[in-house]
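# Structural characterization, general
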Amino acid sequence: MINYRTYLTEEEIPTHYYNLRADMSKKPAPLLNPATLKPMTAEELEGVFCSELVKQELDDETAFVEIPEEVREYYKTFRPSPLVRAYNLEKALGTPAAIYFKFEGNNTSGSHKLNSAAAQAYYAAKQGLKGVTTETGAGQWGTALSMACAHFGLDLKVFMVKTSYEQKPFRREVMKTYGAEVTASPSETTEVGRKILKEFPGTGGSLGCAISEAVEAAVTRDGYRYVLGSVLNQVLLHQSIIGLEAHKAFEKIGVSPDIIIGCTGGGSNLGGLIAPFMGEKLRGEKDYRIIGAEPASCPSFTRGKYLYDFCDTGKVCPLAKMYTLGNGFMPSPIHAGGLRFHGMSTILSELYDQGMMEAVAYEQTEVFEAAEIFAKAEGILPAPESSHAIKAAMDEALKCKETGEAKNILFGLSGTGFFDLIAYKQYNAGKMTDYIPTDEDLEAGLAFVPPQPVE
Ligand SMILES: *Cc1c(COP(=O)(O)O)cnc(C)c1O
């Protein structure tokens, strides 16, 4: 019988990240300079990002990148993460399928984001920078980064979307405890913030707006750079640690997953989980069904367009070709805060466009129903984001029940839900609402997409 939890030994822990782009024959589209519509050069990007991270962002060829010794040491405080066989969930569903999940919530920030925060803080410190700036929506990324910056001795300035800053004080206080300066966005401390406040007084802010402020705060300060917790190629590279560990753990138990599932906000936990498996699929060695699960209220894959778009409202960032709802898309306040971004990783966007992966969208209430079943069966209170993956895994397991197939299903449990109890409270009170944007809402979001470059 396979253990409930499979861990790697210290000798088995991966020493290198895996760069999925190396095995893609058609590479993800490059980031473009919005002024010239030419690919961003390393020099241009280095004004905003750390040098080593720029190198990783632009490197489509190197398959394996060594994880720095110091980062590997830090990982030991919360990794390896277990590969769990969800026996109790299987029993609750009465499915012949075997369900596995890779659990990334076992650190104070409560999610996989610490994997990339650790690497990014390390490279920034090694470059001799004083600090970094970033934005955070619901606060998961800011929390993870505050931990990593405290560890590697960096100053951190976080622009937190104002509605979250006011309504979700808990992560804000965790960030402050780790030494970060947290500012509600939009703020009076940046030019772009002042401009947005003048245009929309009383706005609760948005992720796109907080990105613009964080970038400005970095480029106008000596010794600071901007860091981002999802979407970028470098982030997916760091998150490959999830998939590499999972792949090794499956080897150990002599099992191969048939279906691999993850929730998708900007694409980093799914991109990391699938990396080595998708590599095998791209090289024609093996086949897997790969599924991204997203909220119906912010459906980048299932209803977005594959276009060059801005990543931020202030339009200071490079253009990325991705499945996007448009930088003008105003997501309704959904509880899975980490899944509210209008765009998607360019790597996953290209793979989706090539038909190498699928996507499904779920409404909030059904996602929380899945979360409740999972919590009762497996004991872990899941993050609302992760619960989209749980819902998709349960759906696949229930299909197996109909067909009698004993498939192996793997999903990414990207985090825990202890900071999301306001959402659980609404669910428990029967007051959760489902919102699906209309076609008109989507059209409005795409109205500000820039003219497309000629390919
Ligand atoms: C941020 C977050 C996500 C979504 O981000 P991705 O980049 O798509 O992984 C998912 N789950 C949790 C727990 C998060 O904190």
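Residues numbered from 1 in each chain as written. Predicted model: local features only at pLDDT ≥ 70, side-chain atom pairs only at ≥ 80, totals over all residues. Heavy atoms only, no water.

The strand order β8-β7-β6-β9 describes an open sheet built from four strands, whose pairing is parallel. Two strands bound the open sheet, and with one partner strand each, they are β8 (181–185) and β9 (224–226). Strand after strand, the sheet turns through a mean of 25 degrees between neighbouring axes, direction not considered. This element, helix α10 (residues 207–219), spans β6 (131–136), β7 (155–161), β8 and β9 of the sheet and lies at about 170 degrees to β6. (Pairing = 2+ DSSP bridges. Helix = DSSP H or I, 4+ residues; strand = E, 2+ residues; numbered from the N terminus. Axes fitted to C-alpha atoms, helices over the stretch in contact; angles between N-to-C directions. Contact = heavy atoms within 4.5 Å.)

Time to look at the packing of helix α2 (residues 51–58) against helix α11 (residues 233–253). Packing of α2 against α11 leaves a shortest axis separation of 8 Å and a crossing angle of 90 degrees. Classified by the angle their axes make, α2 and α11 are roughly perpendicular. Counted together, L53, Q56 and E57 of α2 and N233, Q234, L237 and H238 of α11 form the full contact between these two elements. Tallied by class, the residues present in the contact of α2 with α11 amount to two nonpolar, four polar and one charged. (Parallel < 35°, antiparallel > 145°, perpendicular 65-115°, else oblique. Nonpolar A, V, L, I, M, F, W, Y, C, P; charged D, E, K, R; others polar.)

If you walk across this open sheet you meet the seven strands as β1-β4-β5-β15-β10-β11-β14, and the pairing is mixed. The open sheet has two edge strands with one neighbour each: β1 (5–6) and β14 (358–362). Bridge count for strand β4 (residues 83–85) against strand β5 (residues 98–103) is three bridges, and the pairing is antiparallel. Bridging from a neighbouring strand, L83 pairs with K102 of β5. Along the sheet, helix α12 (residues 268–282) contacts β5, β10 (259–263), β11 (289–295) and β15 (408–413); its crossing angle with β10, the most-contacted strand, is approximately 160 degrees. The sheet contacts of helix α16 (residues 384–403) involve β5, β10, β11, β14 and β15, and relative to β10 the element is tilted by about 150 degrees.

Another aspect to go through is the domain arrangement of the protein. Often, the extent of an interface is quoted as the loss of accessible area upon association of its parts. Split by domain assignment, the protein resolves into domain 1 (5–9 + 80–110 + 240–446) and domain 2 (15–67 + 112–226). Spacing between the C-alpha centres of domain 1 and domain 2 amounts to 22 Å. Buried area between domain 1 and domain 2, summed over both chains or domains, comes out near 3,400 Å², and the portion from carbon and sulfur atoms is 67%. Of all residues in domain 1, S109, L319 and F419 give up the largest surface area on contact with domain 2, accounting jointly for 17% of the area buried on that side. For the pair domain 1 and domain 2, the number of links is three salt bridges. Notably, a salt bridge pairs R283 with D23, separated by 2.9 Å at the nearest N-O pair. Where domain 1 meets domain 2, there are ten residue pairs in polar contact (both at pLDDT 80 or more). Listed by contribution, the elements that provide at least two residues to the side of domain 1 that touches domain 2 are α11, α12, β12 (305–310), β13 (319–324) and α14 (346–353). Tallying contributions element by element places α12 first for the side of domain 1 that touches domain 2, with seven residues. Taken together, the residues of the side of domain 1 that touches domain 2 break down into 20 nonpolar, 14 polar and eight charged. (Domains from an automatic or database assignment. Buried area = accessible area lost by both parts, 1.4 Å probe. Salt bridge = Lys/Arg side-chain N within 4 Å of Asp/Glu carboxyl O. Polar contact = N/O pair within 3.5 Å; in protein donor to acceptor, adjacent residues only side chain to side chain.)

It is worth spelling out the state of the cysteines at this point. All told, the structure shown has zero disulfides when counted by the stated rule. Note on C209: no disulfide assigned, nearest cysteine sulfur contributed by C317 at a separation of 12 Å. A relative accessible area of 2% places C209 in the buried class. Free of any disulfide, C317 has its nearest neighbouring cysteine sulfur in C311, separated by 5.9 Å. (Disulfide = S-S within 2.5 Å. Buried < 20%, exposed > 50% of the residue type's maximum accessible area, 1.4 Å probe, protein only.)

All right, on to the nonpolar core then. One finds L348, L351 and M357 to be the most contacted residues of the largest nonpolar core, which totals 74 residues. Summarising the domain contributions, this core has at least three residues from each of domain 1 (5–9 + 80–110 + 240–446) and domain 2 (15–67 + 112–226). Excluding anything up to four places from it in sequence, L348 contacts L236, G267, L270, G271, I274, F301 and M357. In this structure, L89, F103, C263 and I380 belong to the second largest nonpolar core, which totals 31 residues. (Core = buried A, V, L, I, M, F, W, Y, C linked by side-chain atoms within 4.5 Å.)

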